[in-house]
Structure formats: C-alpha cells, structure tokens
Amino acid sequence: MNLRRFILIAVPYLWLVALFLVPFLIVVKISFSSAAISMPPYTPTFSLTQGWAGIENFFSQLSVDNFVFLTQDDLYWKAYLSSLQIAAISTVLTLIVAYPMAYGMARAPDEWRPTLLMLVILPFWTSFLIRVYSWMGIISDQGLLNQFLMWLGIIAEPLHIMNTSKAVYLGIVYTYLPFMILPIYAALEKMDDSLGEAAVDLGASRLSSFWLVTVPMSRPGVIAGCFLVFIPAIGEYVIPQLLGGSNTLMIGKVLWTEFFSNADWPLASSVAVVLLLILIIPIMLFQRNQQKNEEAGR
Amino acid sequence: MFKTLIPATLIAISGTMAAAEEVHVYNWSDYIDPALLQKFEDQTGIKLVYDVFDSNEVLETKLLSGSSGYDVVVPTGSFLERQIQAGVFQKLDYSKMPNSKYLWDKIKERTAQYDPGNQYAVNYMWGTTGIGINDEKVKEVLGADAPVDSLSLVFDPKYMKKLQSCGVMMLDAPTEMIPAALRYLGEDPNSKDPKVIEKAEPVLEAIRPYVRKFNSSEYINSLANGDICVAFGWSGDILQARDRAAEAKNGVTISYHIPKEGALMWFDMMAIPADAPNPSGAEKFINFMMDPENIAAASNYVNYANGNKESQKYLDKSVIDDPAIYPPAATMDNLYTVTAYPPKVKRIVTRLWTKVKSGT
C-alpha cells in the first residue's frame with residue numbers, strides 16, 4: 001500500500017478512534033464499575049501508578065451487576081420500547097411531510113432549486129434551543145395558535161398540545177425535517193426525467209409511474225433519511241423535556257435521571273451501552289441484508 | 001532582535017495574567033442583585049466570573065467530575081451534606097472572613113445538621129417550599145373558602161380535580177415532593193425508612209392526573225402570565241411571579257402561602273471546592289457576601305431571606321415584614337428540614353418519583 005493512500009485512510013480512522021471508540025470504551029469501563037460517594041462517583045478507578053498489581057486489582061473489582069439490575073426493573077425495557085415507538089412514529093410522520101417537499105424541490109425549475117435548498121437549510125442558522133422555545137410560544141395554552149383559533153371562533157377552549165406527546169412528535173418532525181428532505185432530494189434530483197416519461201409512454205398511468213419508477217429510484221435517499229431521523233430521535237432528551245409532559249417516558253430522560261438524580265454513573269453508562277447495542281445490531285443486520293440483495297441483484 | 005523580543009513579550013503576558021486575579025462563582029439563576037457583582041469588582045479589583053445553574057443535580061455532577069474550575073459554589077443543604085462526604089469541599093478559614101461574626105445563630109444551628117460545626121459552608125439564602133396561587137382563578141374554581149393555606153389544596157384529589165381546569169404545576173424534585181406528601185399524611189417528612197417513604201406513593205399517584213407538569217423553573221412564568229392557577233414551588237420564585245405579574249399589569253394577582261401543616265425549609269450554602277483555582281479569592285467573595293449591607297441588597301432583590309442577623313437592619317420593609325419571606329416565630333417552629341438520603345434509599349426515592357410521573 002502506498003503512503004498517500006495509507007494517510008488518506010488513516011485520518012478518518014483516527015478521527016473515529018479518538019472521538020468515538022475511546023469515549024465509548026470509557027463508558028463501557030464505567031458501566032462495569034459500582035457507584036460510590038467519592039470524586040468521581042464510582043469505583044474502582046484506573047491508575048497506572050501501582051503497576052501490574054494495580055491493573056489486576058482493577059479488573060477483579062469490575063462486575064456485571066449494573067446490567068443484571070437493568071433486567072430486574074421493567075422501567076428500562078418500557079423506556080427503551082417507548083423510545084423506539086416514538087422514534088418510529090416520528091420517522092414515518094417526517095417521511096410523509098418530507099417526501100412531497102423533496103419531490104417538489106426536485107421537480108422545480110433549475111433556477112429555483114438553490115433558493116429552495118437554502119430555505120430548507122436556513123433554520124439551522126438559528127440555535128436549535130431557540131427554535132424549540134419558539135414552538136412553546138406557539139402551541140402553549142395562551143400561545144399564538146390557540147389565540148388565533150379562538151379569535152376565528154373555531155374553538156372555544158384552548159387546545160392542550162403543549163406538554164403532551166403530540167408536542168413531542170411535532171418537535172421531532174420539525175427539528176429533523178431537513179435531515180429527511182436533503183437525502184431524498186439528492187436521490188430524486190439525480191433521477192432522469194425521461195424514465196418517468198418512458199413509463200407513461202409505455203402505458204403506465206402517472207400514479208403507477210410514480211409508484212413503480214420514482215419511489216424505487218428514491219429508495220436510497222429514503223433509507224438514509226429514515227436513519228438520520230430515527231437514530232437521533234431514540235436518544236432525544238431536549239425535545240421531550242421541553243415540549244413533552246411528565247408522562248412521556250423516553251430512555252434519554254431515564255439516562256439523565258440515573259446520571260444526575262441518582263449520581264449513579266455506572267448504571268447510567270450501562271443504560272447507554274445497551275441503547276447503543278439496541279441501535280447498532282439491527283442496523284448492521286439491515287446493512288448486511290442490503291449488501292446481499294445488491295450482490296444477488298448483480 | 002527576535003531573540004530578545006520574544007522573552008520580553010512572554011514576561012509581559014505572564015505579568016498581566018498575574019495582575020488580573022479572577023474568581024469564578026457558580027450560583028443559582030436569578031439569585032443576586034447584579035449591581036453587587038460590579039461592587040465586588042470595584043472594591044477588590046478581582047475579576048468576577050459569575051455563572052448560573054438551575055438544578056442541584058447539574059451542580060453536583062460538575063463537582064463530582066472534579067476540576068470544575070469554580071471557586072465558590074452554592075448547593076442546597078442536603079446536597080452539600082453528600083458532597084462533603086465525597087470530599088468535594090475544603091474547610092473554611094473563618095479567620096480570613098471577619099464578616100462571619102454577623103451570621104445568624106438560629107440559621108447556623110439548622111445548617112449544622114448538614115455540615116456539623118459549619119466547617120465547610122456558610123448560608124447564602126434560605127426559603128420554604130409552599131403553595132403559590134392565582135387568587136381570582138382559585139376563588140372562581142373552588143369558591144371563597146378554598147383551603148389555600150393547607151397541603152390538602154394540592155394533595156387532596158377532591159380539590160385537585162377542580163383545579164385541573166385552570167392548571168397546576170409542581171416541582172420536579174422528589175426530595176421536596178415526597179417529604180411534603182409524608183407531612184400531609186402526618187408521617188415524618190425526613191424519614192429514611194423505605195416503608196414510610198412508600199406511603200407517599202398513593203398520595204402522589206392520586207393527584208398525578210391533575211398535574212399539568214412537574215418542572216422546577218417553568219412555573220414562575222406560567223403563574224405570572226395566568227397559564228396556571230396553582231404552583232407547588234419555592235417561596236422566592238413564587239414571589240418573583242407575583243412581582244412579574246404586578247409589573248405586567250395583566251390582571252393576575254399571585255400570593256404565596258406556607259401550608260399550616262408545615263413546610264420544608266431549605267438552605268443554599270456557599271462553599272469552596274477542594275480543587276478551587278483561587279481559594280483566597282473565594283474567601284474574599286464569601287466575606288463580601290457576608291457584609292450585612294451587601295447580603296441585604298441581595299435579599300431585597302431576590303425576595304429570599306438570608307442567614308445574616310445584622311443584615312436585617314438594611315432590609316426593605318416589604319421584605320423583612322413579609323411573613324412569606326421572614327416567617328413569624330410560630331410558623332418558623334412548624335417548618336421542617338430534610339437531610340441527605342443514603343444512596344440505596346435515594347434510588348428508591350428517585351424510582352418512586354419516576355413511577356409517579358410516568359406511571360411505570
């Protein structure tokens with residue numbers, strides 16, 4: 001292997017090792033420790049000053065108690081399931097909103113596209129927190145939406161949206177919408193218009209040409225978009241905390257409670273490790289399946 | 001030329017760094033008169049870096065991680081107790097803080113239960129946890145004889161069911177809510193016995209459906225702008241809501257009530273982390289805040305009582321004469337305090353709270 005190629009590959013790998021693997025290994029290490037009233041609040045701590053004996057002693061004190069504890073209390077499984085459910089529903093909702101927008105953008109005249117793309121990206125220029133807070137101003141009981149609807153006379157009592165799971169879905173769909181639009185747009189934009197025309201020429205209706213030609217062509221974009229929404233939505237903490245009610249159970253909140261309220265860093269770490277496993281295993285299986293299909297297709 | 005220039009520049013830089021002494025203070029949000037910060041800098045020539053937090057848990061996590069970079073932090077008593085055990089703080093050198101002679105012995109007696117002998121911390125402010133109401137709306141829903149000065153207003157489903165329509169918020173703080181529920185039942189609010197603590201669960205679960213949200217900071221705004229009519233929260237915060245509503249002239253009048261069954265009395269304590277970069281600057285800041293005129297200015301601004309007897313001369317009449325801020329002796333005797341939970345019990349308390357909030 002030549003040096004240039006080696007360096008080119010080494011840079012992203014070093015990046016992943018330093019910013020993903022090392023922090024993750026630290027979390028794994030803490031997940032096998034036990035909580036203590038000390039600084040930092042767990043034991044044992046790793047130190048190289050005692051030499052080999054110290055390292056041996058360190059490993060002998062590690063235990064799987066935290067993982068066993070996770071199986072004994074149904075809170076954790078319910079929180080994982082409820083997070084998966086919220087993330088799945090939000091992903092579908094985001095897809096429903098994003099697809100027509102991406103389709104419209106891809107079909108828009110060439111000179112409009114940069115402007116439309118800019119409009120999708122524009123919200124990122126404002127802090128995410130400020131945008132969530134402005135939603136609070138819109139959907140709260142005395143907020144803009146309720147005042148407007150009551151002024152129109154459509155409703156007599158304010159709609160309770162704030163602090164319910166409806167507000168959580170709204171927040172997630174709004175926040176992650178660009179992550180869904182952009183990959184779908186990228187896939188649709190590359191599509192050759194003549195493919196659709198050919199389908200219509202061969203007797204397909206416009207609708208079946210859309211279903212049989214356009215949708216399959218945009219599949220990679222849809223899959224990428226769904227991952228980009230689904231994965232961060234599972235661990236979402238800020239949106240349910242600010243917009244959701246107290247009964248919106250999500251794993252991010254459970255993790256916060258373990259880490260901050262109980263000051264139990266080891267248990268919080270094991271919750272995080274399990275969450276990662278729950279996410280990574282299905283994604284790896286899915287990708288392997290995709291690869292197989294592609295190879296079979298050839 | 002360059003050889004001589006570079007060391008000279010380095011010396012110049014290190015010289016200015018030594019001159020600009022800094023002290024880093026980490027306190028609760030909306031908890032001081034900003035004019036005092038400027039006054040401290042003018043008096044001492046020390047640059048003050050003032051950061052704020054809004055939950056004990058966030059502060060505690062920073063302290064337990066170590067090297068927080070702060071010289072003065074202000075945890076609440078029961079958290080302070082646990083942090084002292086973890087070895088987070090250094091002992092105070094009272095000889096360097098002459099203003100400590102002004103401290104109020106009645107408060108020192110109570111804070112000694114978290115910090116025996118008051119070796120690690122001095123009181124900044126103290127307050128109670130009680131009931132804030134929107135006078136008109138509660139009257140409208142419950143009639144003129146609503147039990148606004150009783151815990152039954154917030155713990156009896158009979159009242160809560162009706163109040164639900166105008167909105168109720170409660171603190172998202174199990175260490176405040178569970179003792180209050182126990183007091184309502186006539187149990188010991190400071191109990192560390194899991195069997196006693198579990199008795200709070202049915203009380204809280206019965207009112208849970210009628211609580212709009214458990215949150216420890218949103219109720220100030222929601223109460224002030226009329227979104228909710230009852231909040232179970234911290235005295236000074238509810239008084240802030242009262243002042244904001246009065247300023248906005250939006251027709252909302254808020255009042256704070258200490259329940260007749262007794263209320264939790266809490267203490268926010270100034271302490272110096274063991275690894276503080278500038279402990280002597282920290283002592284100067286704490287001494288500055290123990291100056292009776294300074295701490296009185298802070299109390300006048302934030303509507304919380306302080307632990308400084310001498311400062312009472314300098315308090316506004318509206319503060320020292322307000323029974324919601326400085327309760328009369330009879331009410332004081334009825335206030336209770338809670339100490340830190342041992343880790344195993346703390347887990348039970350947190351779990352119970354999650355169960356109440358999420359139904360799981």
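Just so we're clear, the structure is a prediction, and the values are computed from it rather than from any experiment.

Visitor: Honestly, the interface of chain B and chain A in this entry has me stumped. Any pointers?
Guide: Often, the extent of an interface is quoted as the loss of accessible area on bringing the components together. Counting from both sides, the interface comprises 31 residues of chain B and, opposite them, 35 residues of chain A. Summing both sides of the interface, chain B and chain A together bury roughly 2,700 Å²; the carbon and sulfur share of this comes to 55%. For chain B, the biggest contributors to the area lost against chain A are Leu64, Lys213 and Arg347 of chain B; these three give 22% of the whole. Between chain B and chain A we count six salt bridges in total. Between Asp172 of chain B and Lys253 of chain A there is a salt bridge, with the nearest N and O atoms lying 4.0 Å from each other. Taken together, the connections running from chain B to chain A amount to eight residue pairs in polar contact (both at pLDDT 80 or more). Breaking the side of chain B that touches chain A down by element, the ones donating at least two residues are α3 (56–65), α4 (77–85), β6 (213–214) and α18 (343–358) of chain B. Of all the elements, α18 of chain B adds the most residues to the side of chain B that touches chain A, at eight residues. In terms of residue class, the side of chain B that touches chain A is made up of seven nonpolar, ten polar and 14 charged.

Visitor: How do you make sense of the state of the cysteines when you look at a structure like this?
Guide: Residue and element names in this part refer to chain B. Considering all chains together, one arrives at one disulfide over all chains under this definition. Each sulfur of the disulfide joining Cys166 and Cys229 lies 2.0 Å from the other. The disulfide joining Cys166 to Cys229 has a torsion of about 60 degrees about its S-S bond and is therefore right-handed. Of this pair, Cys166 sits in the loop between α8 (157–163) and β5 (168–170) while Cys229 is found in the loop between α12 (219–224) and β7 (230–234), placing the two residues 63 residues apart along the sequence. By relative accessible area, which is 9% here, Cys166 ends up buried. Assessed through its relative accessible area of 0%, Cys229 is described here as buried.

Visitor: Can you walk me through the packing of helix α3 (residues 65–72) of chain A against helix α4 (residues 74–107) of chain A in this structure?
Guide: Each pair of packed helices gets described by two things: the angle between the helix axes and the distance between those axes. Residues and elements named next belong to chain A. Direction vectors running N to C along α3 and α4 enclose 75 degrees, while the axes themselves pass 5 Å from each other. Between α3 and α4, the angle falls in the class roughly perpendicular. The residues of α4 that touch α3, namely those facing Phe69, Leu70, Thr71 and Gln72, are Asp74, Tyr76 and Trp77. Partitioned by chemical class, the residues of the contact of α3 with α4 number four nonpolar, two polar and one charged.

Visitor: What should I look at first to understand the environment of Ile86 of chain A in this one?
Guide: Turning to its location among the elements, Ile86 of chain A is positioned in helix α4. Ile86 of chain A gets classed as buried once you look at its relative accessible area, which sits at 8%.

Visitor: It is not clear to me how the side chain of Ser140 of chain A should be interpreted in this structure. Could you clarify?
Guide: Mapped onto the fold, Ser140 of chain A is located in the loop between α6 (128–139) and α7 (144–152). When its relative accessible area of 14% is taken as the criterion, Ser140 of chain A is described as buried. Beyond its immediate stretch of four places on either side in the chain, Ser140 of chain A contacts Asn146 and Met162 of chain A together with Asp227 of chain B.

Visitor: Got a minute to help me understand a nonpolar patch on the surface in this structure?
Guide: Residue and element names in this part refer to chain A. Together, Trp15, Leu16, Val17, Leu19, Phe20, Leu21, Val22, Leu25 and Ile26 give the surface a local cluster of nonpolar side chains, amounting to about 880 Å² of exposed area. Turning to its location among the elements, Ile26 is positioned in helix α1 (residues 3–31). Given the relative accessible area of 46%, Ile26 is considered partly exposed.

Visitor: What's the story with the pairing of β7 of chain B in this structure? I'm lost.
Guide: Within a regular strand, side chains alternate between the sheet's two faces. Residues and elements named next belong to chain B. Counting buried positions over the five residues of β7 gives five, a clear majority of the element. For strand β4 (residues 121–134) and β7, the ladder comprises five bridges, and the chain directions are antiparallel. In the sheet register, Gly132 faces β7, and the bridge partner there is Ala231. Pairing of β5 with β7 involves three bridges; the strand directions are parallel. When the bridges of β7 are listed, Met169 appears paired with Ala231.

Visitor: How should I be thinking about the pattern of salt bridges in this particular structure?
Guide: Any two side chains of opposite charge can pair, given that their charged atoms come close. Counted according to the given criterion, the structure contains 20 salt bridges over all chains. For Asp172 of chain B, the salt bridge is made with Lys357 of chain B, and the minimal N-O distance between the two is 3.0 Å. Taken together, the residues span a long stretch of sequence, with Asp172 of chain B in the loop between β5 and α9 (174–185) and Lys357 of chain B in helix α18 at a distance of 185 residues. Since its relative accessible area comes to 21%, Asp172 of chain B is described here as partly exposed. Using a relative accessible area of 10% as the deciding quantity, one classes Lys357 of chain B as buried. Linking Glu218 of chain B and Lys213 of chain B is a salt bridge whose minimum nitrogen-to-oxygen distance equals 3.2 Å. Taken as a pair, Glu218 of chain B and Lys213 of chain B share a single burial class, namely buried. Beyond isolated ion pairs, a larger network of salt bridges with shared partners links Asp73, Asp74 and Lys78 of chain A together with Arg351 of chain B.

Visitor: What's the story with the pairing of strand β1 (residues 22–28) of chain B in this structure? I'm lost.
Guide: All names here are of chain B. With five of seven residues buried, β1 is to be regarded as a mostly interior element. Across seven bridges, β1 lies against strand β2 (residues 47–53) in parallel orientation. Bridging from a neighbouring strand, Val25 pairs with Tyr50 of β2. After leaving β1, the chain enters helix α2 (residues 34–44) and then returns to the sheet as β2, a path that is right-handed. Bridging between β1 and strand β3 (residues 72–73) involves two bridges; their strand directions are parallel. Bridged to Tyr26 within β3 is Val73.

Visitor: Whenever I open this one, the side chain of Thr61 of chain B confuses me. Can you help?
Guide: Residue position: Thr61 of chain B is located in helix α3. Look past the residues within four positions of Thr61 of chain B in its chain and what remains in contact with it is Phe259, Phe260 and Trp265 of chain A.

Visitor: Please clarify how unusual backbone geometry should be interpreted in this entry.
Guide: Most peptide bonds take the trans configuration, and most residues that are not glycine carry a negative phi. For the bond from Met39 of chain A to Pro40 of chain A, the omega torsion is -15 degrees, close enough to zero to count as cis. Along the chain, the position of Pro40 of chain A falls in the loop between β1 (34–35) and β2 (42–43). Backbone torsion omega between Thr43 of chain A and Pro44 of chain A reads 0 degrees, so that peptide bond is classified as cis. With respect to the helices and strands, Pro44 of chain A occurs in the loop between β2 and α2 (51–61). Here Ser67 of chain B, not a glycine, exhibits a phi torsion of approximately 45 degrees, which is positive. Under the relative-accessibility criterion, Ser67 of chain B is labelled exposed at 65%.

The rules behind the values
- Residues numbered from 1 in each chain as written.
- Chains lettered and ligands numbered in written order.
- Predicted model: local features only at pLDDT ≥ 70, side-chain atom pairs only at ≥ 80, totals over all residues.
- Heavy atoms only, no water.
- Contact = heavy atoms within 4.5 Å.
- Buried area = accessible area lost by both parts, 1.4 Å probe.
- Salt bridge = Lys/Arg side-chain N within 4 Å of Asp/Glu carboxyl O.
- Polar contact = N/O pair within 3.5 Å; in protein donor to acceptor, adjacent residues only side chain to side chain.
- Helix = DSSP H or I, 4+ residues; strand = E, 2+ residues; numbered from the N terminus.
- Nonpolar A, V, L, I, M, F, W, Y, C, P; charged D, E, K, R; others polar.
- Disulfide = S-S within 2.5 Å.
- Buried < 20%, exposed > 50% of the residue type's maximum accessible area, 1.4 Å probe, protein only.
- Axes fitted to C-alpha atoms, helices over the stretch in contact; angles between N-to-C directions.
- Parallel < 35°, antiparallel > 145°, perpendicular 65-115°, else oblique.
- Patch = residues over 30% accessible without salt bridge, like charges linked within 9 Å, V, L, I, M, F, W, Y side chains within 5 Å.
- Areas by Shrake-Rupley, 256 points an atom, 1.4 Å probe, with all protein chains shown as cover.
- Pairing = 2+ DSSP bridges.
- Right-handed = clockwise from strand over helix to strand, strands pointing away.

None of the figures reported here should be taken as evidence of function without further support.
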